[in-house]
Amino acid sequence: MTKEITSFDELDLREPTLKALQRMGFTAPTPIQAQTIPVMMDGHDLIAKAPTGTGKTCAFGIPLLECLDPDCTDIQAVVVCPTRELCLQIAEELRQLAAFRPDVRIAAIYGGQPIGKQLTALKKNPHIVVATPGRLLDHMGRRTAWLGNVYTAVLDEADEMLKMGFIKDVRRILNATPADTQVVMFSATISRDVMDVAWEYQHNAVEISVAAEGDNRPQIDQYGLMSSGSRRLEDMTRIIDQMDYHRVMVFANMKTSVRQLCDRLHKQGRSVDCLHGDIPQSQRNQVMTGFREGKFEILVATDVAARGIEPDQFCLNESCHNMTRDDLIQATADLERNPHVAQHGENQCSDCHKAHRASVNMCSQCHNDAPIPEGWISAADNTALEKELDSLNKA
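Note that the coordinates shown come from a computational prediction; the quantities given were computed from them, not determined experimentally.

1. Some words on the packing of helix 10 (residues 231-242) against helix 11 (residues 255-267)
Right, on to step 1. Following both chains from N to C, one finds helix 10 and helix 11 inclined at 55°, their axes separated by 12 Å at the closest point. Compared by their axis directions, helix 10 and helix 11 come out oblique. Crossing of helix 10 over helix 11 shows right-handed handedness. Contact with helix 10, carried on its side by Leu 233, Met 236 and Thr 237, involves Leu 261, Arg 264 and Leu 265 of helix 11 and no other residues of that element.

2. Some points on the sheet that holds strand 3 (residues 106-109)
Right, on to step 1. One open sheet accounts for 7 strands, arranged 3-4-2-5-6-1-7; its pairing is parallel. One side of each edge strand has no neighbouring strand; the edge strands of this open sheet are strand 3 and strand 7 (206-209). If you compare each strand with its neighbour and ignore which way they point, the axes differ by 15° on average.
Right, on to step 2. Sheet topology places strand 3 next to strand 4 (residues 128-131); 4 bridges connect them, and they run parallel. Pairing of Ala 107 across the sheet is with Val 129, part of strand 4.
Right, on to step 3. This element, helix 4 (residues 84-97), spans strand 2 (77-80), strand 3 and strand 4 of the sheet and lies at about 175° to strand 3.

3. Topic: the packing of aromatic side chains
For any pair of aromatic rings, the description rests on two quantities: the centre-to-centre distance and the angle between the ring planes.
Right, on to step 1. Overall, the coordinates contain 2 aromatic pairs when judged by the stated rule.
Right, on to step 2. Taken together, a centroid distance of 5.5 Å and an interplanar angle of 55° make the contact between Phe 60 and Phe 186 tilted. Taken together, the residues span a long stretch of sequence, with Phe 60 in helix 3 (residues 56-67) and Phe 186 in strand 6 (residues 182-187) at a distance of 126 residues. In this structure, Phe 60 and Phe 186 share a single accessibility class: buried.
Right, on to step 3. The ring centre of Phe 100 lies 4.5 Å from the NZ or CZ of Lys 19, which sits over that ring.
Right, on to step 4. Lying across the ring of Phe 291, Arg 247 places its NZ or CZ 4.8 Å from the centre.

4. Here we look at the pattern of salt bridges
Right, on to step 1. Per the stated rule, a full pass over the model turns up 12 salt bridges.
Right, on to step 2. Its salt-bridge partner being Lys 163, residue Glu 160 comes within 3.5 Å of it at the nearest N-O pair. Of this pair, Glu 160 and Lys 163 both sit in helix 7 (residues 158-163), 3 residues apart, which is roughly one turn of the helix.
Right, on to step 3. Exposure remark for Glu 160: the relative accessible area of 11% places this residue in the buried category.
Right, on to step 4. For Lys 163, a relative accessible area of 53% puts it in the exposed group.

5. As for the packing of helix 4 against helix 12 (residues 281-292)
Right, on to step 1. In contact at an axis separation of 12 Å, helix 4 and helix 12 are set at 65° when each is read in the N-to-C sense. As summarised for this structure, helix 4 and helix 12 are arranged roughly perpendicular, according to the angle between their axes. Remark: the crossing between helix 4 and helix 12 carries right-handed chirality. Counted together, Arg 84, Glu 85 and Leu 88 of helix 4 and Gln 281, Arg 284 and Met 288 of helix 12 form the full contact between these two elements.
Right, on to step 2. Residues that form the contact of helix 4 with helix 12 fall into these classes: 2 nonpolar, 1 polar and 3 charged.

6. Considering the environment of Gly 290
Right, on to step 1. Tracing the sequence through the fold places Gly 290 in helix 12.
Right, on to step 2. The spatial distance from the C-alpha of Gly 290 to the C-alpha of Asp 273 is 9.2 Å, given a sequence separation of 17 residues.
Right, on to step 3. Apart from residues no more than four positions distant in its own chain, Gly 290 is found in contact with Lys 295 and Phe 296.

7. With respect to the side chain of Ser 7
Right, on to step 1. Structurally, the position occupied by Ser 7 is in the segment before helix 1 (15-23).
Right, on to step 2. On the basis of relative accessibility, which here comes to 19%, the residue Ser 7 falls in the buried class.
Right, on to step 3. Within the local environment of Ser 7, its side chain forms a polar contact with the backbone nitrogen of Asp 9, the two atoms lying 3.1 Å apart.

8. Quick look at helix 12
Right, on to step 1. When the terminal C-alpha atoms of helix 12 are compared, their 16 Å separation across 12 residues agrees well with the 16 Å that a helix rising 1.5 Å per residue should span.
Right, on to step 2. Contacts from the buried residues of helix 12 go to helix 4, strand 9 (248-252), strand 10 (272-275) and strand 11 (298-302).
Right, on to step 3. The first or second residue beyond helix 12 is Gly 294, which carries a positive phi of 75°.

Calculation rules
- Residues numbered from 1 in each chain as written.
- Predicted model: local features only at pLDDT ≥ 70, side-chain atom pairs only at ≥ 80, totals over all residues.
- Heavy atoms only, no water.
- Axes fitted to C-alpha atoms, helices over the stretch in contact; angles between N-to-C directions.
- Helix = DSSP H or I, 4+ residues; strand = E, 2+ residues; numbered from the N terminus.
- Parallel < 35°, antiparallel > 145°, perpendicular 65-115°, else oblique.
- Left-handed = near helix turned anticlockwise from the far one by under 90°.
- Contact = heavy atoms within 4.5 Å.
- Pairing = 2+ DSSP bridges.
- Phe/Tyr/Trp six-rings, centres within 6.5 Å; stacked < 30°, edge-to-face > 60°.
- Buried < 20%, exposed > 50% of the residue type's maximum accessible area, 1.4 Å probe, protein only.
- Lys NZ or Arg CZ within 6 Å of the ring centre and 35° of its normal.
- Salt bridge = Lys/Arg side-chain N within 4 Å of Asp/Glu carboxyl O.
- Nonpolar A, V, L, I, M, F, W, Y, C, P; charged D, E, K, R; others polar.
- Polar contact = N/O pair within 3.5 Å; in protein donor to acceptor, adjacent residues only side chain to side chain.
- Expected span 1.5 Å × (residues − 1).

Below, the structure is given as structure tokens:
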């Protein structure tokens, strides 16, 4: 039986890395770190399933720093992620890990930032590049980023990235790396696309799975409400008011929905701003800074644009409409990916077009004994919502 790793000292890390971890306040590795770091440092390909909040960035960041050659001026490791915000978040955490390694250079490459600033960063010969797929391909086309000497390629949030349509971009990036490049994938769910990429580019990959339970489960209450039409906004604002929340994030699935919801909340006299893909990067940064500093209370955002923001009070997903059983299961997986979300929307089976109470485990008309996630309640009438609010207030 493999010995359980309870201290970073057991991982044979360099002193600068241990000092950085201590400064970051980390005293012991999380389960995903304890399992991942030795595997990566031994050079194995890896596919890891783990929810957000379990320390994935350090899990792959530590081996990247431990194995690079500071005297080599080529890009030695590339981390590909789906969004700008996540790109910046990963790069910042890697810089913190390299705080006592002045010889290590890290660059963040993403869309929305002026190309000139990134060209300057690439001319400094970074050892590690953190990038979104489109902008990295842009630099590869300009021949300002060469991946011919990359020893490790990391795909973070692999399922989300492939679901967003980046599978061709990811293949082009991996094809530009050497055939023996270590390929590491982190994903909240293992989708068919993830398995296809693993089959094509990984060799004898080690599989690691960390469930969102015990110490890995964030201490956050999660629940669902079945609501529809104009009641969704009413139910949402009643929860915000009665629970006296002052830092709230609301997800919507389309940019137009974000704008409309933001306008409706603003007309109610609420302190609100929004975040979506059409907003310039400089303005996105201002909005995120304002939300973190408490300059407004409600942030309405598309789920992709809001990656890397973690409100400390309450979060709603307003975009769950006409959900099938599989949609409900995916929504529960999304809770594991971003546990700060309380799903809020209409649960309707698209097969029989009738809403079903989610407190039962199946739609007997359509899905026989196919289970749906527990924890969903009905808000079809005032009584159900009032009971939920009472239970929250008593918690």
